[in-house]
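Spelled out, the chains give:
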Amino acid sequence: MISYAAYKLIHILGIMFLLLSLGAYLILSMNKSEKGKKLAAITHGISVLIILVAGFGLLARLGYLSVDPWPIWVWLKVIIWLILTLIIILIKRMPELIPALWFLIPILGGLAAYFAIYKVSF
Ligand code: HEM
């Protein structure tokens, strides 16, 4: 059985690859360079899957086995995960947003960490 600590390590490793891949994808898109873009896109796809699976593993270890009662902080993290998953389409379609996304993406990551650490509930 995978422990809570191991799930958290895998979750955070997934986040490292996510931010690496999005950073690379942003700069390559800004430079209109295709070299390395496929590697960044594939890494992005794998990293969001790792974050999701390990995130649900963490939820299970914390006793949240069914969708309800998921506290609000989990729903907020899932929304951030969805944004960071679909954001690669936005980079492709609206490259003019790249400078803003360069700052928004790590801020969203920080917000997801904040929700996990403080477990905000309204
Ligand atoms: C489907 C989406 C996600 C789910 C279900 C999820 C779930 C969780 C859970 C249950 C924890 C453990 C909280 C605890 O230890 O009490 C956690 C920790 C964490 N999550 Fe996520 N997460 C998701 C997405 C993300 C994303 C997208 C990021 C950032 C990009 C992120 C960043 C973190 C961080 C940094 C921690 C460790 C916080 C600590 O040290 O306690 N998570 N997540």
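Given the structure is predicted, the values throughout are model-derived calculations rather than measurements.

Draft legend 1. Local environment of the coordination of the iron atom of the ligand. In this structure, His11 (NE2) and Lys77 (NZ) serve as the protein donors to the iron atom of the ligand, at separations of 2.1 to 2.2 Å. One can describe the site at the iron atom of the ligand as octahedral: its six donor atoms subtend angles covering 79 to 177° at the metal. Placement of histidine 11 in helix H1 (residues 4-30) and of lysine 77 in helix H3 (residues 72-93) is noted, with a sequence separation of 66 residues between them. Assigned by exposure class, histidine 11 and lysine 77 land together as buried.

Draft legend 2. How the structure looks around the environment of methionine 16. With respect to the secondary-structure elements, methionine 16 resides in helix H1. Once the C-alpha coordinates of methionine 16 and glycine 36 are considered, the two residues, 20 residues apart in sequence, prove to be 18 Å apart.

Draft legend 3. Seen up close, the side chain of threonine 85. Note on placement: threonine 85 falls in helix H3. Here tryptophan 81 takes part through its backbone oxygen, which lies 2.7 Å from a polar atom of the side chain of threonine 85. When residues no more than four places from it in sequence are discounted, the contact partners of threonine 85 are His44 and Val48.

Draft legend 4. View of the site of the ligand. Looking at the ligand, there are 21 residues lining it, with Tyr4, Lys8, His11, Lys77 and Lys119 nearest. Here histidine 11 contributes a side-chain N or O atom positioned 2.8 Å from a nitrogen atom of the ligand. Contacts to the ligand include lysine 119, whose side-chain N or O atom sits 2.5 Å from an oxygen atom. At the level of elements, H1, helix H2 (37-61), H3 and helix H4 (98-118) are the ones that each hand at least two residues to the shell around the ligand. Residues of the shell around the ligand, tallied by class, amount to 15 nonpolar, three polar and three charged.

Draft legend 5. Layout of the pattern of salt bridges. One pass over the structure, following the stated rule, counts one salt bridge. A salt bridge links glutamate 34 to lysine 37; the nearest nitrogen and oxygen atoms lie 3.5 Å apart.

Draft legend 6. Representation of the nonpolar core. Counting residues in each nonpolar core, the largest one holds 24 residues, and the members touching the most others are Leu22, Leu84, Ile91 and Ile105. For this core, the secondary structure elements donating two or more residues are H1, H2, H3 and H4. A per-element tally of this core places H3 first, with eight residues. Discounting residues that sit within four places of it in the chain, leucine 84 has contacts with Leu18, Leu22, His44, Val48, Ile105 and Leu108.

Definitions and cut-offs
- Sequence positions are assigned chain by chain, starting from 1 and proceeding in written order.
- Only residues with pLDDT of at least 70 are given local features in this predicted model, and only at 80 or more are side-chain atom pairs given and counted; all residues enter the totals for whole chains, interfaces and linings.
- The side-chain figures draw on all heavy atoms in the structure; neither hydrogens nor water molecules are used.
- Donor criterion used throughout: N, O or S atom within 2.8 Å of the metal, extended to 3.2 Å for Na, K and Ca. Water excluded; incomplete-looking sites may result.
- Irregular is the label for any site that misses the other tests, which are tetrahedral for four donors with all angles between 85 and 135 degrees, and square planar for four donors or octahedral for six when opposite donors exceed 155 degrees and the remaining angles lie between 65 and 115.
- Strands are runs of DSSP state E lasting at least two residues, helices are runs of H or I lasting at least four, and both sets are numbered from the N terminus onward.
- The classification of residues rests on relative accessible area computed with a 1.4 Å probe and restricted to protein chains. Under 20% of the type maximum is buried, over 50% is exposed, and intermediate values are partly exposed.
- Polar contact criterion, stated in full: a pair of N or O atoms within 3.5 Å, where within protein one must be able to donate a hydrogen and the other to accept it, and residues adjacent in sequence count only if both atoms are side-chain atoms.
- Contacts were defined at the residue level, with two residues in contact if any of their heavy atoms lie within 4.5 Å.
- A single heavy atom is enough: if one lies within 4 Å of a molecule or strand, its residue is considered near that molecule or strand.
- When residue character is reported, Ala, Val, Leu, Ile, Met, Phe, Trp, Tyr, Cys and Pro are called nonpolar, Asp, Glu, Lys and Arg charged, and the others, Gly included, polar.
- A pair is scored as a salt bridge if a Lys or Arg side-chain nitrogen falls within 4 Å of a carboxyl oxygen belonging to Asp or Glu.
- Among buried residues, those of type Ala, Val, Leu, Ile, Met, Phe, Trp, Tyr and Cys that are joined through side-chain atoms within 4.5 Å constitute a nonpolar core.

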